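# Structural overview for review
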Amino acid sequence: MATSNNALISVRQLTKEFRRGVVALDHCDLEVYRGEVVAIIGPSGSGKSTLLRSLNLLEQPTSGAIYFDGADLADKSVNIDLHRQKMGMVFQHFNLFPHKTVLQNITMAPVALKKKTPQEARQQAMTLLERIGLADKADEYPNMLSGGQKQRIAIVRSLAMEPEVLLFDEPTSALDPEMVGEVLDLMRSLAADGMTMVVVTHEMGFAREVASRVVFMADGRILEEGAPADLFDHPQDPRLKDFLSKVL
Ligand code: ADP
Ligand code: MG
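Overview of the structure.

The rules behind these values
- Every chain's residues receive numbers from 1 upward, in the order its sequence appears when written.
- Chain letters and ligand numbers both follow the written order, the letters beginning at A and the numbers at 1.
- Restriction of local features to residues with pLDDT of at least 70 applies here, the model being predicted, together with a cutoff of 80 or more for giving and counting side-chain atom pairs; totals for whole chains, interfaces and linings are based on all residues.
- Note that water and hydrogens are dropped before the side-chain values are worked out from all heavy atoms of the structure.
- As a rule, the C-alpha atoms of each element are fitted with a line to give its axis, helices using only the stretch in contact, and angles between N-to-C directions run from 0 to 180 degrees.
- Each helix corresponds to a stretch of at least 4 residues labelled H or I by DSSP, and each strand to a stretch of at least 2 residues labelled E; elements are numbered beginning at the N terminus.
- Angle categories are assigned with fixed cut-offs, so that under 35 degrees is roughly parallel, over 145 is roughly antiparallel, 65 to 115 is roughly perpendicular, and the rest are oblique.
- Throughout, a crossing is termed right-handed when the near helix is turned clockwise from the far one, and left-handed when it is turned anticlockwise from it by less than a right angle.
- In what follows, a contact means two residues having at least one pair of non-hydrogen atoms within 4.5 Å.
- Residues are grouped as follows: Ala, Val, Leu, Ile, Met, Phe, Trp, Tyr, Cys and Pro are nonpolar; Asp, Glu, Lys and Arg are charged; every other residue, Gly included, is polar.
- We call a residue near a given molecule or strand whenever any one of its heavy atoms falls within 4 Å of it.
- Nitrogen and oxygen atoms within 3.5 Å of one another constitute a polar contact, given that in protein one can donate a hydrogen and the other can accept it, and given that sequence-neighbouring residues count only through two side-chain atoms.
- Each accessible area value is a Shrake-Rupley result obtained with a 1.4 Å probe; residue values ignore everything except the protein chains displayed when judging cover.
- Between buried and exposed lies partly exposed: a residue is buried under 20% and exposed over 50% of the maximum accessible area for its type, with that area taken using a 1.4 Å probe on protein chains only.
- Only four residue types enter the tally: Lys and Arg on the positive side, Asp and Glu on the negative side; His and the chain ends are excluded.
- Whenever a carboxyl oxygen of Asp or Glu lies within 4 Å of a side-chain nitrogen of Lys or Arg, that contact is scored as a salt bridge.
- When DSSP finds at least two bridges between two strands, those strands are taken to pair.
- Seen with its strands pointing away from the viewer, a crossover is right-handed if its path from the first strand over the helix to the second goes clockwise.
- Note that the arc is computed from the directions linking the helix axis to the C-beta atoms.

### A few points about the packing of helix α3 (residues 102-113) against helix α4 (residues 118-131)
Contact pair α3 / α4: the axes reach a minimum separation of 9 Å and the direction vectors enclose 130°. Between α3 and α4, the interaxial angle falls into the category oblique. Seen from above, α3 lies across α4 with right-handed handedness. Along the contact surface, α3 presents V102, L103, I106, T107, P110 and V111, while α4 presents P118, A121, R122, Q124, A125, M126 and L129. In terms of residue class, the contact of α3 with α4 is built from 10 nonpolar, 2 polar and 1 charged.

### Observations regarding the site of ligand 1
Close to ligand 1 lie F18, R19, A24, P43, S44, G45, S46, G47, K48, S49 and T50, which account for all nearby residues. Contacts to ligand 1 include S46, whose backbone N or O atom sits 3.1 Å from an oxygen atom. For ligand 1, whose unbound accessible area comes to 560 Å², protein coverage reaches 62%. Secondary structure elements with two or more residues in the shell around ligand 1: β1 (9-19) and α1 (48-55). If one sorts the elements of the shell around ligand 1 by residue count, α1 sits on top with 3 residues.

### Observations regarding the side chain of E224
Here E224 is to be found in strand β10 (residues 221-226). K241 is the oppositely charged side chain nearest to the buried, salt-bridge-free E224, at an N-O distance of 7.9 Å. A distance of 3.0 Å separates the side chain of E224 from the backbone nitrogen of Q236, its partner in a polar contact.

### A word on the pairing of strand β8 (residues 196-200)
Counting buried residues along β8, 5 of its 5 residues qualify, which places the element largely inside the surrounding structure. The alternating pattern of β8 places T196, V198 and V200 and M197 and V199 on opposite faces, both of which are buried. Across 4 bridges, the pairing between strand β3 (residues 37-41) and β8 is parallel. Looking at the pairing, V38 lines up with V198 of β8. As paired elements, strand β7 (residues 165-169) and β8 share 5 bridges and run parallel to each other. Bridged to L166 within β8 is M197. Of the crossover connections in this fold, the one passing from β7 over helix α6 (residues 177-192) to the parallel β8 is right-handed.

### Concerning helix α9 (residues 238-247)
Along α9, the residues classified as buried are L240, F243 and L244. The buried residues of α9 all sit within an arc of 95° when viewed along its axis, so they share a single face. Opposite the buried face of α9, at more than 90 degrees from it, the exposed residues are P238, S245 and K246. Of the surrounding secondary structure, the elements contacted by the buried residues of α9 are β3, α7 (204-210), β9 (213-218), β10 and α8 (228-233). For α9, the N-terminal capping position is held by D237, with its side-chain oxygen 2.8 Å away from the main-chain nitrogen of R239.

### Thoughts on the sheet that holds β9
As summarised here, the arrangement of the 6 strands in space is β6-β7-β8-β3-β9-β10, forming an open sheet in which the pairing is mixed. Because the sheet does not close on itself, it has two edges, and the strands there are β6 (87-90) and β10. Sheet twist, expressed as the mean angle between neighbouring strand axes with direction ignored, is 15°. Each of β3, β6, β7, β8, β9 and β10 touches α1; the most contacted strand, β7, lies at about 150° to it. Against the sheet, α6 engages β3, β7 and β8, with an angle of about 145° to β8.

### What to know about α1
Of all the 8 residues making up α1, 6 are buried; the element is thus mostly covered by neighbouring parts of the structure. For α1, the full list of buried residues reads K48, T50, L51, L52, S54 and L55.

Quick look at the structure:
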């Protein structure tokens, strides 16, 4: 079944109940269009990570539907591995392979899954590393890098798979404050290139400046969404007003 709109991602009435009574997502509707940066904000435990992980089917919905490029992900004919390749995921804790060099971290998946030749993958990886100014780290291991460097490498590792969308779950939350800027700068430059991104974040400045749309969640529900200026300067929902009064 196809959806009627041309959203890249379309979430319909998505509900996730981990156990009876533990409702992490409660009938959420969300569209993500190509080239958009959607920031998801909200208090801890509001369901932001569960929503993001559901897009990738890292969480199995209890009910509701997710369409990607018009295809229903619950459809048995959808190849979930191929689907996951179209969505890069960047986590709080980088998840680089510790026993692989930076270069190997970036080239592994493109060679294994996209059937790139090692030379092609290497060349692409070096171009990406040059973009972030870390070409000289290609042969080092992750433990030699700072948190900000690790996260930027995790981001370009996702990019090497040429995904259609990047999903970020609090990509700067585990970083020392002085390293947050370099990661946000990279994300900002990807947004400027037109990369479609969904970003769970506590960085309200980033959300205001870079997001095309901000989504506010509380108690597993999407309570408000809109352009950053509207949402931050003219919040309507009392929960959003309360949240902003604590974080801004
Ligand atoms: P957020 O990312 O906004 O902090 P989460 O999506 O992680 O929120 O969690 C939403 C709710 O779902 C919370 O009540 C959390 O305790 C619960 N939850 C999340 N993951 C699991 C899990 N694997 N098992 C049981 N409950 C979970
Ligand atoms: Mg979370």
